[in-house]
Every structure is written in C-alpha cells, then in structure tokens.
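The primary structure of each chain is shown beneath.
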Amino acid sequence: MTIATGINIFSVYRELGEDYFGTLEKVADAGYVNIELVGFNMKTFTRYIDEIPMESARDKFKELGLKAVSVHEGTAPGQELISHDWDTIMKYYAGLECENIVLPSVWIKDREDTLRTAEQMNSVGKKMKEGGFQFYLHNHAHEFKKIGDQTLFDLLLQNTDPSYVKFEIDLAWVMRAGIDPIAVLEKLGDRCDIVHQKDLSKNLAGQLNIMEAMQQGGDEALEPFEVYRKYIGPGDFVDLGTGIFDFAAAYEQIRAMGHIRYALVENEGESDDKIGSIRNDLIVLQKYV
C-alpha cells in the first residue's frame, strides 16, 4: 500500500488562530495536499465549526486543492464522550467529505477510567459508523502507564470494538512512553492506518521515557495534564530530520507492514519560520514513505 503524506494543522495552530484561510493557503503552498483538521481555535478556545461555515471551508479546500482526510474533534477535559454534540460534528464534516474523526486524547489515569472510556468510545464509534464515519483515538504517552502487567492502552485496545474504534498512533509520543512504536503498530495491525510523525530533540529537557521519570519522581498519581507540564520541555520537539527519530529504519518496517495509509506531519517544535519548517518536514517525510 502506498503511504500518502499530509499534515495535522495543529502544527500551525497559532497561525490558524490569526488567519485560518490565509494559513491554509501557506500550507498548500508548502506542498501539502492531505490535511488533518483541528476542531478548536487555540487562540480563542472556540470551535472552528462555530466560526467558519462549512460551505466556506469546502469551497476554500477545493480552490487550494486540499483534501481533509481526517479531523481532531473531542471533548473538554472532564466532559463525558457520550455527552458531546457528535451529530452536529458529523453533519459539518460530512459536507467536507472528511470521513475520519479522531479523538485527540483521553485523559485516563487508572483502570476504572480506562474501562469507562472504552465503553463510551464504543458507543461513539458505533454512532459514527452508522453515520458513515470512522472513529479513531490519537495517543500521547500517558495511555501507556502500566497497571500491573498491562498498560492503559492495552486495556483500551482489548475493550473497544474493532468495528467501531481505530487508533491513530503518534510515533514520537509512544517513544516518550519508553515503548517501541513499531511494536505498537504490529500489535494493532489494520486497526491503525494513520500515523503522526514528529521528531524529538537530541537535547531533551528530561529523560526520553517520561513514564520511567514519573516512577522515579514518585509522580505516578499525577493528573495527565500535570505530567506533561512537569516532564516535557518546550524544545523537546524539533523539525523532522534534525532529531533522534530513525526515519529510515522505522519506515522500512512500516512500509513492509502494508496497512498504513497516511503519515501526517505534526510539528510541535518552536520555530521562527513555522511555514518553512513544515515545508522541510514534508521533504524529509517524502524521502522515506
């Protein structure tokens, strides 16, 4: 299977908050065709679907030759998944022919949280499948916290229905949990067909494995938000090809697996020229897919 490249436009969330369509023009000019949308304006903390008419977005994407392959849409921390207005979200993205809706994260910290979340993910995933969508979960690192001999991610995997729930694996966040991302992709098989691609600095603020750092620091009871505030530095993410991620080895194995459809740049690094950074990210990623 050919792997298509693209970008999660959270990479340029500051620019989007200032000028949504102008930023999309720059993304298209940087060479991108496939984009993963984001639901929230991080400047105003409002929803883009409330700010931008679907028809305006649809027409602009067509003008720029952009394809919305997926979107990150989710709940606020503490809000139940099943209470979210998924019907309105599906109606909006159906108009954009965007068929994949990705939950950006689940803020789980123990077995009870995880099993309740898995049940709600199944319910939302079923609703989306009936509406013509595929539901995904995007990971960070905290989902790989160990409970006994399993991780919370294992529990999610075991307790969600493959017919309703897929996974969008962020390869760098898996590494930050001290786990080989290729092993996770092998375990998931065709339940994962989209990956996020970051790169990690050669000079991290702390240790690579933040799960281990939490244990050593006695912080295993920390809320997930607090874990990232404490253990992730602002310079930990860098432009693709300038950090420690082994692109050649990883994508040789990913191509051999044959079930990944999209590899999406997600550049969370600091940059004086973010558009220049994502332009170079695409060049790097295209060398390996």
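These lines cover the structure that appears in this document, whether it is placed above or below. Predicted model, so just to flag it, every value in this text is computed and none were measured. (Residues numbered from 1 in each chain as written. Predicted model: local features only at pLDDT ≥ 70, side-chain atom pairs only at ≥ 80, totals over all residues. Heavy atoms only, no water.)

## Observations regarding the side chain of D154
Phase 1 of the analysis: As for its placement among the helices and strands, D154 is situated in helix α7 (residues 152-158).
Phase 2 of the analysis: At 2.9 Å, the side chain of D154 forms a polar contact with the side chain of K187. (Helix = DSSP H or I, 4+ residues; strand = E, 2+ residues; numbered from the N terminus. Polar contact = N/O pair within 3.5 Å; in protein donor to acceptor, adjacent residues only side chain to side chain.)

## Thoughts on the nonpolar core
Phase 1 of the analysis: Counting 89 residues, the largest nonpolar core has I9, L37, F61, Y93, I169 and Y251 as the members making the most contacts within it.
Phase 2 of the analysis: Residues in contact with Y251, not counting those within four places in the same chain, are L171, V195, Q197, F245, A263, L285, Y288 and V289.
Phase 3 of the analysis: Residues V102, Y136, Y262 and L264 belong to the second largest nonpolar core, which totals six residues. (Core = buried A, V, L, I, M, F, W, Y, C linked by side-chain atoms within 4.5 Å. Buried < 20%, exposed > 50% of the residue type's maximum accessible area, 1.4 Å probe, protein only. Contact = heavy atoms within 4.5 Å.)

## Let's talk about the packing of aromatic side chains
Phase 1 of the analysis: Per the counting criterion, the structure on display carries 14 aromatic pairs.
Phase 2 of the analysis: Relative to F153, the ring of F144 lies with its centre 4.7 Å away and its plane at 20°, an arrangement referred to as stacked. Of the two residues, F144 and F153, both sit in the buried class.
Phase 3 of the analysis: Members of the aromatic cluster, joined through ring pairs, are W107, W173, F225, Y228 and F237.
Phase 4 of the analysis: When the ring centre of F237 is taken as origin, the NZ or CZ atom of K198, which lies over that ring, is 5.8 Å away. (Phe/Tyr/Trp six-rings, centres within 6.5 Å; stacked < 30°, edge-to-face > 60°. Lys NZ or Arg CZ within 6 Å of the ring centre and 35° of its normal.)

## Quick look at helix α11 (residues 224-231)
Along an α-helix, residues three or four positions apart point the same way, because every turn accommodates 3.6 residues.
Phase 1 of the analysis: All of the buried residues in α11 are P224, V227, Y228 and Y231. Relative to the axis of α11, the buried residues are bounded by an arc of 90° and lie together on one face. The exposed set on the far side of α11, more than 90 degrees from its buried face, consists of R229 and K230.
Phase 2 of the analysis: Buried residues along α11 sit against α8 (171-176) and α10 (210-216). (Arc of directions from axis to C-beta.)

## Observations regarding the sheet that holds strand β10 (residues 165-170)
Phase 1 of the analysis: With respect to topology, eight strands assemble into a closed barrel ordered β1-β2-β5-β6-β7-β10-β11-β14, the strand pairing being parallel. Here the strands of the sheet are splayed against their neighbours by 30° on average, with no regard to which way each runs.
Phase 2 of the analysis: Summarising the sheet, strand β11 (residues 194-197) and strand β14 (residues 262-265) pair through four bridges and their orientation is parallel. Looking across to β14, one finds that H196 is bridged to L264.
Phase 3 of the analysis: Against the sheet, helix α5 (residues 86-95) makes contact with β2 (34-38), β5 (67-72) and β6 (100-103), and its axis sits at roughly 140° relative to β6, the strand it touches most. (Pairing = 2+ DSSP bridges. Axes fitted to C-alpha atoms, helices over the stretch in contact; angles between N-to-C directions.)

## With respect to the pattern of salt bridges
Phase 1 of the analysis: Summed over the entire model, instances satisfying the criterion amount to 19 salt bridges.
Phase 2 of the analysis: Between D59 and R58 there is a salt bridge; the shortest N-O distance is 3.2 Å.
Phase 3 of the analysis: With a relative accessible area of 44%, D59 lands in the partly exposed category.
Phase 4 of the analysis: Taken together, the shared-partner salt bridges connect D170, K198, E266 and E268 into one network. (Salt bridge = Lys/Arg side-chain N within 4 Å of Asp/Glu carboxyl O.)

## Considering the pairing of β14
Phase 1 of the analysis: The alternating pattern of β14 places Y262 and L264 and A263 and V265 on opposite faces, both of which are buried.
Phase 2 of the analysis: Note that strand β1 (residues 4-8) and β14 share four bridges and pair parallel. For I7, the partnering residue across the bridge sits in β14 and is V265.

## Some thoughts on the pairing of β2
Phase 1 of the analysis: Most of β2 is tucked away: five of the five residues are buried.
Phase 2 of the analysis: Pairing between β1 and β2: three bridges, direction parallel. Looking across to β2, one finds that G6 is bridged to N34.
Phase 3 of the analysis: Sheet topology places β2 next to β5; five bridges connect them, and they run parallel. Within the sheet, the bridge partner assigned to N34 lies in β5 and is K67.

## Re the packing of helix α9 (residues 181-188) against helix α12 (residues 247-257)
Phase 1 of the analysis: One can describe the packing of α9 onto α12 by two numbers: an axis separation of 10 Å at closest approach and a directional angle of 5°. Classified by the angle between their axes, α9 and α12 sit roughly parallel to one another. Along the contact surface, α9 presents I182, L185 and E186, while α12 presents A250, Q253, I254 and M257.
Phase 2 of the analysis: Grouping the amino acids of the contact of α9 with α12 by side-chain chemistry returns five nonpolar, one polar and one charged. (Parallel < 35°, antiparallel > 145°, perpendicular 65-115°, else oblique. Nonpolar A, V, L, I, M, F, W, Y, C, P; charged D, E, K, R; others polar.)

## A closer look at α5
Phase 1 of the analysis: Residues of α5 that are buried: W86, I89, M90, Y92 and Y93. Seen end-on, α5 carries its buried residues on one side only, within an arc spanning 165°.
Phase 2 of the analysis: Positive phi appears at E97, one or two residues downstream of α5, with a value of about 55°.

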